[in-house]
Amino acid sequence: MNEPIRVTLLTGFLGAGKTTLLNSLLAAPHGERIAVIENEFGAAGIDGDLLGPGATAIVELSNGCICCNVRGELSAALVDLNERRLRGEIQFDRILIEATGLADPGPLIQTFFWEDALRERFVLDGVLTLIDACHIMGQLDQERVAAAQVAFADRLLISKTDLVDDEKLEAVATRLRTINIRAPIEKVLHGVADWRDLLKVGGFSLDEQGLAPRGAWEASKKPAAKNVFGGAARSWDDAIGSLVLSVEGALDLDAVSGFVDALIEGSANDLLRYKGILFIAGEPRRLIFQGVHRIAGFDYGRVWEPGEKQTSRIVLIGRGLKAPALQAAFEACVVEPVAV
């Protein structure tokens, strides 16, 4: 059976430099043949003429935002590319989708999990979000989709860093971490980034990739920093942010299942990305789960090492998540408290 084709989604608000970064990725010495799907907003696609010769194929979607009007067309484009590949008409190793700057990545991400034709043939490797260092603060204040693009990211790539001073750059990084604690932040200079960090992300894999480092759990509980324009750092509606839950002691599997079901049922529309590692009573392996909105997956990972601190940790990214109630519900899943 053929391995599923890896897909990378490149997103970011208008003017962040996505096409420049895309050309850099196509020219990098990764040895992979990349098929590009170019999403265009408007009646006619134009970026196809701007892309360099490194792409195996370009499919321009020109009848609206990828997140609302072209889900069916995108699915058909992906299936068609794969069929042409199987017939030997074109050859590629992965697909890179450049979304329009006005697109919310959520519906597109869900397409890869809801639609059987895509789930069987493709695997979404990661979401790369490009950030304009000069304008992101205002975009987050005024544009809801800009905050969503940050929230869904597996990698946050800051462009135009040479045009801002260190103080503003740190303010930008602090605000991005407030929204999305799980995504590493990297600088992009003149569209150039290290492809090794971008083409093998594993953001939707049921493993320990994509969880914030342990030290970040405490940092996430600190008050948000002030931004350089004055006022508290915030996202578009003062609601998108990262919430970290952590408990000590073994968890009851049925209780955890009920907790996750209640979380999804009560907050699915506002729960953008989530991932966790759980210590289950009577189970030597770590239980890993991750999800997007109502789509969640579970699997067992590696065995807990002797002497390793068996802490259950969950990172949630969403709107208006009620921290005290969620932490209390998570703690109620503990069946074997840690001995004092």
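Above this text sits the structure in question.
None of the values given here were measured: they were computed from a predicted structure. Along each chain, the written sequence defines residue order, and numbers are assigned to residues from 1. For this predicted model, a pLDDT threshold of at least 70 governs which residues receive local features, and a threshold of 80 or more governs which side-chain atom pairs are given and counted, while totals over whole chains, interfaces and linings are taken from all residues. Where side-chain values are given, they derive from all heavy atoms of the structure, hydrogens and water being excluded.

## Description of the overall build of the protein chain
Here comes step 1: Each helix is a run of H or I in the DSSP string that is no shorter than four residues. Each strand is a run of E no shorter than two, and both are numbered from the N terminus. Helix and strand content of the protein chain: ten helices and 14 strands.
Here comes step 2: Only protein chains enter the area calculation, which uses a 1.4 Å probe; residues under 20% of their type maximum are buried, those over 50% are exposed, and those in between are partly exposed. Every one of the 340 residues in the protein chain was classed for burial, and the buried ones make up 53%.
Here comes step 3: A sequence separation of at least 24 residues applies to 75% of the contacts in the protein chain between residues at least 6 apart.
Here comes step 4: On the protein chain, roughly 14,900 Å² of surface is accessible, and the fraction owed to carbon and sulfur atoms is 52%. Residues count as neighbours in contact if any of their non-hydrogen atoms are within 4.5 Å of one another. Only the protein chains shown count as cover for residues, and all accessible areas are computed by the Shrake-Rupley method using a 1.4 Å probe.

## Re unusual backbone geometry
Here comes step 1: With phi around 60 degrees, lysine 160 is a residue other than glycine that occupies positive phi space.
Here comes step 2: Mapped onto the elements of the fold, lysine 160 is located in the loop between β6 (155–159) and α7 (166–179).
Here comes step 3: Look at histidine 293: it is not a glycine, yet its phi comes out positive at around 50 degrees.
Here comes step 4: Checked against the element boundaries, histidine 293 lands in the loop between β11 (285–292) and β12 (295–303).

## Description of the packing of aromatic side chains
What characterises a pair of aromatic rings is the spacing of the ring centres plus the angle enclosed by the ring planes.
Here comes step 1: Stacked, edge-to-face and tilted are the three classes for Phe, Tyr and Trp ring pairs, Trp counted by its six-membered ring, which pair at centre distances within 6.5 Å; planes under 30 degrees apart are stacked, over 60 edge-to-face, the rest tilted. Per the counting criterion, the structure on display carries five aromatic pairs.
Here comes step 2: Their ring planes at 50 degrees and their centres at 5.7 Å tell us that phenylalanine 113 and phenylalanine 204 sit as a pair that is tilted. Of this pair, phenylalanine 113 sits in helix α3 (residues 105–114) while phenylalanine 204 sits in the loop between β7 (185–187) and α8 (214–219), and the two are 91 residues apart along the sequence.
Here comes step 3: The structure contains a cluster of three or more aromatic residues connected by ring pairs, namely Tyr274, Phe289 and Phe298.
Here comes step 4: Against the face of phenylalanine 92 rests arginine 85, its NZ or CZ located 5.5 Å from the ring centre.
Here comes step 5: Any Lys NZ or Arg CZ that is within 6 Å of a ring centre and within 35 degrees of that ring's normal is treated as a charge sitting over the ring. Between the NZ or CZ atom of arginine 286 and the centre of the ring of tryptophan 304, over which it lies, the distance is 4.2 Å.

## Describing the pattern of salt bridges
Here comes step 1: By convention in these notes, a salt bridge is any Lys or Arg side-chain nitrogen within 4 Å of a carboxyl oxygen on Asp or Glu. Tallied over the entire structure, the rule returns 18 salt bridges.
Here comes step 2: When the shortest N-O distance is used, the salt bridge between aspartate 141 and arginine 175 registers 2.7 Å. Placement of aspartate 141 in helix α5 (residues 136–142) and of arginine 175 in helix α7 is noted, with a sequence separation of 34 residues between them.
Here comes step 3: Residue class for aspartate 141 comes out partly exposed when judged on its relative accessible area of 29%.
Here comes step 4: Under the relative-accessibility criterion, arginine 175 is labelled buried at 1%.
Here comes step 5: Put simply, arginine 182 and aspartate 154 hold a salt bridge, and the shortest N to O gap is 3.1 Å. With a gap of 28 residues between them, arginine 182 in the loop between α7 and β7 and aspartate 154 in the loop between α6 (144–151) and β6 connect regions that are remote in the sequence.
Here comes step 6: A residue is classified by how much of its surface remains accessible, and arginine 182, at 5% relative accessible area, is buried.
Here comes step 7: Bridged by salt links that share partners, the residues Asp80, Arg84, Arg87 and Glu89 form one connected network.

## Regarding the nonpolar core
Here comes step 1: For this analysis, a nonpolar core means a set of buried residues of the types Ala, Val, Leu, Ile, Met, Phe, Trp, Tyr and Cys, connected via side-chain atoms within 4.5 Å. Among the nonpolar cores identified, the biggest contains 49 residues, and Leu78, Ile95, Ile97, Ile109, Phe112, Phe122 and Ile131 are the most heavily contacted of them.
Here comes step 2: Of all hydrophobic cores here, the second largest spans 22 residues; its members include Leu251, Phe259, Tyr274 and Cys333.

## A short note on the environment of glutamate 283
Here comes step 1: Tracing the backbone shows glutamate 283 in the loop between β10 (271–279) and β11.
Here comes step 2: As a C-alpha pair, glutamate 283 and leucine 251 span 32 residues in sequence and 9.8 Å in three-dimensional space.
Here comes step 3: If we skip the residues at most four places from it in the chain, glutamate 283 touches Tyr300 and Trp304.
Here comes step 4: Pairs of N or O atoms within 3.5 Å make up the polar contacts considered here, provided that, within protein, one atom can donate a hydrogen while the other can accept it, and that residues adjacent in sequence are counted only when both atoms are side-chain atoms. Reaching out from glutamate 283, the side chain makes a polar contact with the side chain of arginine 285 at a distance of 2.8 Å.

## Regarding the environment of glutamate 305
Here comes step 1: Structurally, the position occupied by glutamate 305 is in the loop between β12 and β13 (311–319).
Here comes step 2: Sequence separation between glutamate 305 and proline 284 is 21 residues, and the spatial gap between their C-alpha atoms is 9.0 Å.

## Description of the sheet that holds β10
Two pairing modes exist for strands in a sheet, parallel and antiparallel, and in both the strands are linked by backbone hydrogen bonds.
Here comes step 1: Strands qualify as paired when DSSP identifies two bridges or more between them. In spatial order, the strands read β8-β13-β10-β11-β12; together these five strands make up an open sheet with antiparallel pairing. Pairing within the sheet leaves two strands with one partner each, and these edge strands are β8 (240–248) and β12. Neighbouring strand axes in the sheet, compared pairwise and without regard to direction, differ in orientation by 10 degrees on average.
Here comes step 2: Running at roughly 175 degrees to β10, helix α9 (residues 253–267) makes contact with β8, β10, β11, β12 and β13 of the sheet. The axes are straight lines fitted to the C-alpha atoms, using for helices just the contacting stretch, and the angles between their N-to-C directions are given from 0 to 180°.

## As for the side chain of aspartate 154
Here comes step 1: The class of aspartate 154 is buried, set by a relative accessible area of 3%.
Here comes step 2: At 2.8 Å, the side chain of aspartate 154 forms a polar contact with the side chain of arginine 273.
Here comes step 3: Once residues lying within four places of it in the same chain are set aside, the contact partners of aspartate 154 are Gly126, Val127, Arg182, Ala183, Pro184, Val201, Gly203, Phe204 and Arg273.

## Quick look at α9
Here comes step 1: An expected span of 1.5 Å times one less than the residue number is assigned to each helix. With 15 residues, α9 extends 21 Å between its outermost C-alpha atoms, agreeing within 8% with the 21 Å of an ideal straight helix rising 1.5 Å per residue.
Here comes step 2: Residues Val256, Phe259, Val260, Leu263, Ile264 and Ser267 constitute the buried set of α9. All buried residues of α9 lie within an arc of 125 degrees about the axis, which places them on one face of the element. Exposed side chains of α9 directed beyond 90 degrees from the buried face belong to Asp254, Glu265 and Gly266.
Here comes step 3: Sitting at the amino-terminal end of α9 is aspartate 252, which places a side-chain oxygen 3.2 Å from the backbone nitrogen of aspartate 254. As used here, the arc belongs to the directions running from the helix axis to the C-beta atoms.

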